[in-house]
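Chains, contacts and geometry: an overview
As a plain string of letters, each chain reads:
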Amino acid sequence: MIIDSHTHVDKFGWYDPPETIIGLMDEAAIDKSIIMTYGDAPDVEGSIEYIAEAVDKYPDRLIGYARMNPARRDEAQRLFEKAMEEYGFMGLKLHPVGNLCHPAGPETIELIQLAGSYNAPVLFHCGDEELTLPLQ
């Protein structure tokens, strides 16, 4: 089985509907994809629900991750809990460049600990930008 562990499905800026991703998965012989939006919840209203709808539409192909802004602390934690408990999401996506939250900052650690309470993996955007260097 081949699983793409980092795929975006979105309608909030860049238009990448789940049907497009499914077509690309079929072309590449990818069985499943972990999906998230390009923007952080709760900053992008409706993003969690959009991912939930995509997973509901293609439950055998798509796995939902909640992309969250740790700086929104209580609201982010509440929405992450909703994503996990009500929508059956499987993990957390963090993008430090997008929300300017340090990977080791207290708000980020709180959200990671919450993910840990669900035994959920945490995916960090990682690259050559400040706040995303692999050792950070």
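Provided above is the structure to which this section pertains.
All of these numbers come straight from a predicted model, not from anything done at the bench. (Residues numbered from 1 in each chain as written. Predicted model: local features only at pLDDT ≥ 70, side-chain atom pairs only at ≥ 80, totals over all residues. Heavy atoms only, no water.)

Turning our eyes to something else, we now look at the pattern of salt bridges. Using the criterion set out here, one finds seven salt bridges in the structure. Close ionic contact of Lys-82 with Glu-49 constitutes a salt bridge, the shortest N to O distance being 3.8 Å. Pair noted here: Lys-82 is in helix 3 (residues 73-85) and Glu-49 is in helix 2 (residues 47-57), with a separation of 33 residues, a long-range link. A relative accessible area of 25% places Glu-49 in the partly exposed class. The structure contains a network of salt bridges with shared partners spanning Asp-43, Arg-72 and Glu-75. (Salt bridge = Lys/Arg side-chain N within 4 Å of Asp/Glu carboxyl O. Helix = DSSP H or I, 4+ residues; strand = E, 2+ residues; numbered from the N terminus. Buried < 20%, exposed > 50% of the residue type's maximum accessible area, 1.4 Å probe, protein only.)

Enumeration according to the criterion identifies zero disulfides in this entry. Of all cysteine sulfurs in the structure, the one in Cys-126 sits closest to Cys-101, which takes part in no disulfide; the separation is 16 Å. (Disulfide = S-S within 2.5 Å.)

With respect to the helices, strands and loops of the structure, His-95 is situated in the loop between strand 4 (91-94) and helix 4 (96-99). With residues up to four places along the chain from it excluded, the contact list for His-95 reads Asp-40, Arg-67 and His-125. (Contact = heavy atoms within 4.5 Å.)

On to helix 5 (residues 106-117). Owing to its 3.6 residues per turn, the α-helix brings residues three or four apart onto one side. Across its 12 residues, helix 5 extends 17 Å between first and last C-alpha, which sits within 8% of the 16 Å expected from 1.5 Å per residue. Along helix 5, the residues classified as buried are Glu-107, Thr-108, Leu-111, Leu-114 and Ala-115. Around the axis of helix 5, the buried residues are gathered within 120° of arc, so they sit on the same side. Opposite the buried face of helix 5, by more than 90 degrees, sit the exposed residues Pro-106, Gln-113 and Ser-117. Next to the buried residues of helix 5 lie helix 3, strand 4 and strand 5 (122-124). Within two residues after helix 5, Asn-119 carries a phi angle of roughly 55°, on the positive side. (Expected span 1.5 Å × (residues − 1). Arc of directions from axis to C-beta.)

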